[in-house]
Structure formats: C-alpha cells, structure tokens
Amino acid sequence: MSSETPRLNPNEISNSTVSIFRLIAQVVSQPTQSSLILKSPVDAKTNEMITLNNIKLTVTDKTYEVDQWYEFICRASDSGDVGFLVLDSVSCPLQENEQMSIKGVVALQNLSKKFPDLY
C-alpha cells in the first residue's frame, strides 16, 4: 500500500505522475468550507518550509488544530491546477514540550523513496 501512495516532498507535487500521495504538513489556519493552508518541510539543511495554499477538502466538517502536524492522503488535480485534494488525514500527536523535527520529516520523505514499503 505504501508504495502505491508515496510520501512526497512538497516541491515534487506538481511534477509527480502519481495520482494519490501522502504529505506530512503543519496546519497554518482553520480551513474554510472547502480549502486548507499548510506548511510542509522541503530542506533539512535550512529548515525551510513551503506554504501550500491551493488545497481542496473532501470532508468539510473535520476540524484541524492550528500548528498541529498531520499526514495527509491526497489526490493530485486532474484539471492541471496547481492544487490538490485532501482525501483523509491522520494527526501526528506530540507530547508536551515535544517538537516535530524538520530534518526528521525530510529524512522520512527521502527514505520512503529508497524503501517504498516503509510506512
């Protein structure tokens, strides 16, 4: 299953040929009725995060916590648009005083390319 839904670096989304993919990202703000704004890491050396703001939701009644990390299951746009569609998401809960490691997220994205069966 994981090889069929690869984890992508956000810079790879527009050039990817897969229709369904996974993305680890942080919610920037509460979604509107049909859209969501996320930040996702792209570079472990600089801790750079890219903002993704053309994201559509399939489930509009789900609430997201701002600044919380999630793994999103997404579908690429068929119409050639820059954005994509969120099919589902799983929260990445952190304990008190824990932080998500940008380097760790980027390393996981890179490792999952070398080992596609890695969840």
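In this report, the structure presented in the accompanying data block is examined. Quantities reported herein were computed from a predicted structural model and do not represent experimental measurements.

For sheets, the rule is that strands pair by backbone hydrogen bonds, running either parallel or antiparallel. Strand order in this closed barrel of 5 strands is β1-β2-β3-β5-β4, and the pairing throughout is mixed. Going across the sheet, the axis of each strand differs from the next one's by a mean of 50°, ignoring polarity. Lying on the sheet, helix α1 (residues 102–114) is in contact with β1 (20–27), β2 (35–43), β3 (48–57) and β4 (69–76); it crosses β2 at an angle near 85°.

Moving on, we come to the nonpolar core. Among the nonpolar cores identified, the biggest contains 18 residues, and L23, F72 and F84 are the most heavily contacted of them. Setting aside its immediate chain neighbours within four residues, L23 contacts L8, P10, I13, L38, S40, L52, Y70, E71, F72, C74 and F84. Counting residues in each nonpolar core, the second largest holds 5 residues, with I24, W69, V105 and V106 among its members.

Glancing now at unusual backbone geometry. Even without a glycine there, the phi angle at D67 is positive, about 70°. Position of D67 among the secondary structure elements: in the loop between β3 and β4.

Parameters and conventions
- Residues numbered from 1 in each chain as written.
- Predicted model: local features only at pLDDT ≥ 70, side-chain atom pairs only at ≥ 80, totals over all residues.
- Heavy atoms only, no water.
- Pairing = 2+ DSSP bridges.
- Helix = DSSP H or I, 4+ residues; strand = E, 2+ residues; numbered from the N terminus.
- Axes fitted to C-alpha atoms, helices over the stretch in contact; angles between N-to-C directions.
- Contact = heavy atoms within 4.5 Å.
- Core = buried A, V, L, I, M, F, W, Y, C linked by side-chain atoms within 4.5 Å.
- Buried < 20%, exposed > 50% of the residue type's maximum accessible area, 1.4 Å probe, protein only.

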